[in-house]
Every structure is written in C-alpha cells, then in structure tokens.
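Below are the chains, spelled out letter by letter.
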Amino acid sequence: MSFSSKLAERFGTVIDKSPYSIEDPLVKVQYISKGQNVVFGRTLKEEKYNNLLYVGKILESTKGKSYLGADAWLDTTFPHVIYITGTRGSGKSFDLGVLVEGISKLACPSPIQNDVKPITSIIIDTQSQFWTLGYAPREAIEANKIQLEELKRWNLKPNNLAAAKVFTPPGSTTFLGTEKKLQIRPRDVRAEEWCALLSQEVYSPQGHIITATLEALGDQDFEIADMLNYIANDTNWPTVAESSRNAITYKLDDYRRTNLFSADGLRIRDFLEDGTCNILSLRELRNEDKSLITAVIARNLFDILGRHHNKKKTASFFDQPFESDGTPDRVWLVIDEAHVVAPRDHISPARDALVEYVKRGRDAGLSLVLATQQPSALDDRILSQVNVTFNHRLSFQSDINAAVDRIPTKSVKTMKFAGTNLTDFGDMVRVLDSGQCFLGDQASSRAVLVQIRPRVSAHGGYSPF
C-alpha cells in the first residue's frame, strides 16, 4: 500500500516546501521513485521492500535532485544500533514510540508497516511514559486532540499495540490494574554487577566477599536473605575482617527491604514472547537500580539468543530439522535516557553488559536503540557500533560534538535557513524544531533532514501544562 503510486493510497502531502535548503547534494541515497520513498538502514537489492517501518518525510530541499516530501522508511531486518539524541522536548522519546510502533504487532493493519514481521521488544522506560503504546489516542485528552488532527493530515489512522505488557517494581505507582510485578532473581546478578551496584571494587575485600558468597550459593534459587546469612556466618570467613563484612551487609540489607529482588523473580524468557512489547516502568527506581535491571536483561538476551542462533546455524549446516523452543529470532532492546543507565563518568552495572551486547549482538539477532538528552554523558564504548542516528535539537557544544562524532556518514556542510547560510553543523542542529532531525546511516552519502511522523498510538510524553 505504502509504495503504491496511487495518490489515494499514499500518506498525506504534508510537506510541499521547506525552510531548510541544503547546499550539499545527496549523491547517494536508497530512493524508490515509485511512490517516492527513501529507505534508511540497508542497501536495497532488487525490489525487496519488505520489513520497513515508516519514519516520516524528507524535510529538506536539496541542491541538485531534491527529495523534499518523499516518505522516509527504516529497515527492520538488519540488527541495528540506533542512537537518538536531542534536548528535552525535541522529540527523541517520541522517536522511540515511532520505532516500537513500527516493529510491533498492531491492533489493526497500518501503512506505517510495509510487510513487517513483528519483533519482540523490551523498553527500559526510565520515565514511565510508554505504557500508552497499548492505547489509541483519546480525544478527551487535549494533547491527543492535536495528535489526532495530525494523523488525519498525514492520512493515518489511530492504532495501538496488540501485545503490550507493562512491568513495575514492587512499591511503584500502578494505575492500569494490569501491570505485572518486576523483580530480579539474585542468582541472575553477577559478582561484578553486585559490586557496581554496591559501589565496591571487584578486587577488594568487599568484592571478595560478594564473589565467594555467590560461589557458595551456586546455581540454586536464593534470596538476598540467604546471602546475608552466609556473610553473617563467622566460620565462612576465618581470614576476613568483620568490618568488611559489615560494609556489605548494611547495603545488601537495604536492597532486601526494597523487595526488588526475589528468588521467584522474572526470568528473561518471560519477556521473549514473539512479537510482544515489554515495557519496564522504572521511573521511581534509583538510577543504579535501573542500570542493574538493564545489565541483567542485556546479558541474558545475549546468552539466550546467542545459543538459539547457534543451534539454528548448526542444524542448517548439517541439514537437520531445527526444533524451536519458542525463542524469537530477533529482539530490540530500547533504552530511554541511556546516560542514566550507562554513564561514562562512573562505574555502573549496565556498562560492560551493553558493551558486550553491541559488539557481539549482531549474530544473535539483537538490536539496541539508545535515546539521550546528554550525548556527552554516555559511555563511548557502547556507541562504537552505531549504524543509524537521529539527531534532534541540541544546545550545548559538548553534546553536539559527541552526537556528531557518532553519525555513521557525513554531516551537512552548508544549509540556508531564514536567509542565512549556516556552515557549522552545530548551528544547524540548534535551529531544528520539535520532531525534526538529521537521520544518518551508512547507506546514504550524508545525513538527511527528516520530519518524524505522528504517533498512531497515544503519546504519553506530552507536557501536562
């Protein structure tokens, strides 16, 4: 439908002129003249246009051949590392919703998906705003009224995710009545992650206590209380100072009281129902707890899907039947405010797990989507494998520099705006309005200015004022 040349079957003509005129010619881009479509994230081969999600429209007029008003699509077949940057209110969290809508099972067929096979996703929702993905926009909400008007203008219909689950930690605010309890099994947390959580060095007396305790408890399902009991037993520590054990005991007991941990907590496989979107509402947790949850999920996804694909490859190599255990072939891990869970300036549980995830997750069918309003605060090692970027408005030069450094193609050299020639990419980023971004990928000769489409599901990140 979306690639049809029939006007009635196309998205609305919402852009026929632009305040942004770019002097740099777009010498290479994946363009489909039938229906005027531009594809990002993969090099097109033959006429295979399946597994594409609708992002928005090209917003720039360009010297030479112009693609102004063409529809912009993103590939969903290739395991991506997508990096979204922008100040608060610029549209970065909105982008996350757009991407999740595009890969998920929807309540009704929608042209925002061009023959997309639904993909399982897990959202680290640090602001608890993505629960609305399961609901269509409501006219009774003022912000949703504007959204509904925009949908009409774009020739899109309201929709919602057909399979969305919301998880909340014990003690967090719930208001849907359908939330599922989110607890972590202590056995799923590695010694180095406990150390990062408790602000201890791995190779320290306290780090030794944690490591030895976990080794003693082994692979059994245990509670934090079992860890405390083992640490409290003097016979287990003939050469360890009591003061070192006390330093760990006080912090562990603090976590015991939060009820965030349970021997009967969720297994990562509980999130791996094919095509389901799992939304982890973590706003009320401490940042270090958000980081730990992210670490456990990222590491276990890598292990589970890695084994799954190795079995598939082995079966295929020896021409043997493959018996699936229900593990999906692909998973997208989506992290809002990523600098909170993986900061560059201090140790956090998620940093090493995410570094491993991005470096080796491709063969396991794993994609990662990171959004941040502080690009300069995010660990560089995690960004080493970025292949698609969305750059919204930024203000501070340090953040602009960090964002530009990760664009997987050339940035724009000259853009005319309001009668002025801008020759600094930072100045170009500063003048963008909400919902406008430079989209960069390895298949295009430079970053392209795009207007992001309206959400089809209710947007939960609008201002209440």
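Data block above holds the structure.
The notes below deal with the structure included here. This one's a predicted model, so the numbers in the text were calculated from it and none came from an experiment.

Here is what the cut-offs are and how they apply
- Within each chain, residue numbers correspond to sequence positions counted from 1 in written order.
- The predicted origin of the model limits local features to residues at a pLDDT of at least 70 and limits the giving and counting of side-chain atom pairs to 80 or more, whereas totals for whole chains, interfaces and linings rest on all residues.
- The side-chain figures draw on all heavy atoms in the structure; neither hydrogens nor water molecules are used.
- Helix and strand definitions here come from DSSP, where helices need a minimum of 4 consecutive H or I residues and strands a minimum of 2 consecutive E residues; each element is numbered from the N-terminal end.
- Our radius of gyration is a C-alpha quantity, and the globule rule it is checked against amounts to 2.2 Å times the number of residues to the power 0.38.
- Under the scheme applied here, a residue whose accessible area is under 20% of the maximum for its type counts as buried, over 50% as exposed, and between as partly exposed, the area being computed with a 1.4 Å probe on protein chains only.
- Each accessible area is a Shrake-Rupley estimate made with a 1.4 Å probe; only the visible protein chains count as cover when residues are assessed.
- Counted charges follow a simple rule, with Lys and Arg positive, Asp and Glu negative, and His plus the chain ends left uncounted.
- Each charge is placed at NZ for Lys, CZ for Arg, CG for Asp and CD for Glu.
- In this analysis an axis means a line fitted to C-alpha atoms, helices contributing only their contacting stretch, and an angle means the value between N-to-C directions, from 0 to 180 degrees.
- Reported orientations rely on four angle classes, namely roughly parallel under 35 degrees, roughly antiparallel over 145, roughly perpendicular from 65 to 115, and oblique for the rest.
- Crossing handedness: left-handed means the near helix sits turned counterclockwise from the far one by under a right angle, and right-handed means the same turn made clockwise.
- What makes two residues a contact is simply this: any of their non-hydrogen atoms within 4.5 Å.
- Classes in brief: Ala, Val, Leu, Ile, Met, Phe, Trp, Tyr, Cys and Pro nonpolar; Asp, Glu, Lys and Arg charged; the others, Gly included, polar.
- Pairing of aromatic rings covers Phe, Tyr and the six-membered ring of Trp, with a centre-to-centre limit of 6.5 Å; geometry is then stacked below 30 degrees between planes, edge-to-face above 60, and tilted otherwise.
- Note on geometry: a ring has a charge over it if NZ (lysine) or CZ (arginine) is within 6 Å of the ring centre and within 35 degrees of the ring normal.
- A helix's residues, less one, multiplied by 1.5 Å, set its expected span.
- Think of it as the arc spanned by the lines of direction from the helix axis to the C-beta atoms.
- A side-chain nitrogen of Lys or Arg and a carboxyl oxygen of Asp or Glu constitute a salt bridge if their distance falls within 4 Å.
- Two strands form a pair only when DSSP identifies at least two bridges running between them.

So, about the overall build of the chain. Assigned secondary structure in the chain consists of 11 helices and 19 strands. Here the chain has a C-alpha radius of gyration of 24 Å; the compact-globule value for 465 residues is 23 Å, and the two agree. Counting every position in the chain, which comprises 465 residues, the buried fraction comes to 56%. As presented, the chain carries roughly 20,600 Å² of accessible surface, and 47% of it is formed by carbon and sulfur atoms. If you average the places of the 56 positive and of the 57 negative side-chain charges in the chain, the two averages end up 5 Å apart.

The contact between helix H7 (residues 287-317) and helix H9 (residues 349-360) brings their axes to 8 Å, and the two run at 30°. Classified by the interaxial angle, the pair formed by H7 and H9 is roughly parallel. Here the hand of the crossing between H7 and H9 comes out left-handed. Contacts between H7 and H9 involve Glu 288, Ser 291, Leu 292, Thr 294, Ala 295, Ala 298, Arg 299, Leu 301 and Phe 302 on the former and, on the latter, Pro 349, Ala 350, Ala 353, Leu 354, Glu 356, Tyr 357 and Arg 360. Tallied by class, the residues present in the contact of H7 with H9 amount to 10 nonpolar, two polar and four charged.

Within this structure, the stated rule accounts for 14 aromatic pairs. Connected via pairs of aromatic rings, a cluster forms that spans Phe 11, Tyr 54, Trp 73 and Trp 154. Geometry around Tyr 255 places Arg 286 over its ring, the cationic atom sitting 4.8 Å from the centre. If you follow Arg 455 out to its NZ or CZ, it ends over the ring of Phe 94, 5.8 Å from the centre.

This next bit is on helix H4 (residues 205-217). The end-to-end C-alpha distance of H4, which contains 13 residues, comes to 19 Å, matching closely the 18 Å that a straight helix rising 1.5 Å per residue would cover. Listed as buried for H4 are Gln 206, Gly 207, Ile 209, Ile 210, Thr 213, Leu 214 and Leu 217. Relative to the axis of H4, the buried residues are bounded by an arc of 160° and lie together on one face. Those residues of H4 hidden inside the fold are in contact with helix H3 (191-197), helix H5 (224-232) and helix H6 (242-258). In the segment just after H4, Gly 218 is the residue with positive phi, at about 65°.

Okay, the pattern of salt bridges next. The final tally for this structure, using the stated rule, is 29 salt bridges. Here Arg 153 and Glu 150 are joined by a salt bridge, their closest N and O atoms 3.0 Å apart. Remark: Glu 150 and Arg 153 occur in helix H2 (residues 142-153); sequence separation between them is three residues, near one turn of the helix. Ionic contacts of the salt-bridge type, sharing partners, join the residues Asp 253, Asp 254, Arg 256, Arg 257, Arg 286 and Asp 289 into one network.

Across four bridges, strand E10 (residues 164-168) lies against strand E12 (residues 277-281) in parallel orientation. Residue pairing across strands places Ala 164 opposite Cys 277, the latter belonging to E12. Relative to strand E11 (residues 180-181), E10 is paired through two bridges, and the arrangement is parallel. Bridge pairing links Phe 167 to Lys 180 in E11.

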